[in-house]
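Residue-level listing of the chains:
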Amino acid sequence: MSRIGKKPVELPSGVTASVSGQTVEVKGPKGTRSFKATDDVTITVDSNVVTVTPRGKSKRARQQWGMSRTMVANLAHGVSEGFKKELELSGVGYRAQMQGNTLKLSLGYSHDVNFEVPEGVTVTSPKQTEITVEGIDEQLVGQVAANIREWRKPEPYKGKGIKYKGEYIFRKEGKKK
């Protein structure tokens, strides 16, 4: 039995959900998102509660049960509050600034890195050493944050690089004399 799948998804106020076939569409103050579930689960909407139940007792149906419930919960959270990832730059001369739809990063290379922000997310740089990625699609927000971090991952000796806020960097001791 799926412990996650058993829980019904309660929709926050201002969020509505509709099901047509296997597609769930969730509308909220931040936008509209949809998810197409597999034929292994049944999705029903009662007033402000969405429930997901498996069709049959196959292993695939049980796998899709918890995953589908989580996807619907993420849709509801995204259109009501949105998702946010915060990145920190640490290192001498490491800077970030927004210029229109481009994030300009100075990361110790001989050139500046220009990162084009994709449609569906907003990237801001409140300070020169902080980057905030926000949007209603959790997967897209996480992927954009990972793509930005990929330019200069934090290294274990000095901790220089782009890291997630609150991330612990395992530090190593340098060479002994």
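Residues numbered from 1 in each chain as written. Predicted model: local features only at pLDDT ≥ 70, side-chain atom pairs only at ≥ 80, totals over all residues. Heavy atoms only, no water.

**Details of the overall build of the protein chain**
Within the protein chain one finds three helices and 13 strands. Taking 2.2 N^0.38 as the reference for a compact globule, 177 residues should give roughly 16 Å; the C-alpha atoms of the protein chain span a radius of gyration of 21 Å, well beyond that estimate. Based on the C-alpha atoms only, the size of the protein chain along its principal axes is roughly 65 × 40 × 25 Å. Across the protein chain, every contact between residues at least 6 apart in sequence was considered, and the portion connecting residues at least 24 apart equals 49%. Carbon and sulfur atoms make up 49% of the accessible area of the protein chain, which amounts to about 10,800 Å² in all. The distance from the centre of the 30 positive side-chain charges to the centre of the 19 negative ones in the protein chain is 8 Å. (Helix = DSSP H or I, 4+ residues; strand = E, 2+ residues; numbered from the N terminus. Rg over C-alpha atoms; globule rule 2.2 N^0.38 Å. Contact = heavy atoms within 4.5 Å. Areas by Shrake-Rupley, 256 points an atom, 1.4 Å probe, with all protein chains shown as cover. Lys, Arg positive; Asp, Glu negative; His and termini not counted. Charge placed at Lys NZ, Arg CZ, Asp CG, Glu CD.)

**Some remarks on the nonpolar core**
As a rule of thumb, nonpolar side chains are buried together in soluble globular proteins. The biggest cluster of nonpolar side chains holds 20 residues, and the ones touching the most others in it are L103, L105, I131, V133 and I148. Every element with two or more residues in this core is listed here: β7 (83–90), β9 (102–106), β10 (113–116), β11 (121–124), β12 (130–135) and α3 (138–149). Setting aside residues up to four positions removed in sequence, I131 forms contacts with K85, E86, L87, L89, A96, L103, L105, V123, T124 and I148. With 17 residues, the next largest nonpolar core counts L11, A37, W65 and V79 among its residues. (Core = buried A, V, L, I, M, F, W, Y, C linked by side-chain atoms within 4.5 Å. Buried < 20%, exposed > 50% of the residue type's maximum accessible area, 1.4 Å probe, protein only.)

**Observations concerning the sheet that holds β9**
Read from one edge to the other, the open sheet built from three strands follows the order β8-β9-β10, with strand pairing classed as antiparallel. Each having just a single partner strand, β8 (95–99) and β10 make up the two edges of the open sheet. Along the sheet, successive strands turn relative to each other by an average axial angle of 25 degrees, direction set aside. Summarising the sheet, β9 and β10 pair through four bridges and their orientation is antiparallel. By the bridge assignment for β10, T102 is matched with E116. (Pairing = 2+ DSSP bridges. Axes fitted to C-alpha atoms, helices over the stretch in contact; angles between N-to-C directions.)

**Digging into unusual backbone geometry**
Its identity is not glycine, yet S47 carries a phi of approximately 45 degrees, on the positive side. If you trace the backbone, S47 turns up in the loop between β5 (41–46) and β6 (49–54). With relative accessibility at 73%, the residue S47 sits in the exposed group.

**Concerning the pairing of strand β4 (residues 31–36)**
Relative to β4, strand β3 (residues 23–28) runs antiparallel, the two sharing six bridges. Paired with V24 across the strands is F35, a residue of β4. In this structure, the hairpin formed by β3 and β4 is closed by a connection of two residues.

**Considerations on the sheet that holds strand β2 (residues 16–20)**
Read across the open sheet, the three strands follow the order β2-β3-β4; overall the sheet is antiparallel. The open sheet terminates on both sides in strands that have one partner only, identified here as β2 and β4. Between one strand and the next, the sheet's axes are offset by a mean angle of 15 degrees, whatever the strand orientation. Together, β3 and β4 form the strand contacts of helix α2 (residues 59–80), whose direction differs from that of β4 by roughly 175 degrees.

**Quick word on the environment of F170**
Mapped onto the fold, F170 is located in the segment after β13 (161–164). Between the C-alpha atoms of F170 and P154, which are 16 residues apart in sequence, the distance is 9.6 Å.

**A look at the packing of aromatic side chains**
On inspection of all chains with the given rule, the structure shows zero aromatic pairs. Residue placement shows K85 over the ring face of Y164; its charged tip is 5.2 Å from the ring centre. In this structure, R152 is placed above the aromatic ring of Y109, and the distance from its NZ or CZ to the ring centre is 4.3 Å. (Phe/Tyr/Trp six-rings, centres within 6.5 Å; stacked < 30°, edge-to-face > 60°. Lys NZ or Arg CZ within 6 Å of the ring centre and 35° of its normal.)

**Side note on the pairing of β10**
Looking down a regular strand, the side chains alternate between one sheet face and the other. Side chains V113 and F115 of β10 all project onto a buried face; the interleaved residues N114 and E116 project onto a face where none is buried. Hairpin connection from β9 to β10: six residues lie between these consecutive antiparallel strands, with G108 at a positive phi of about 85 degrees.

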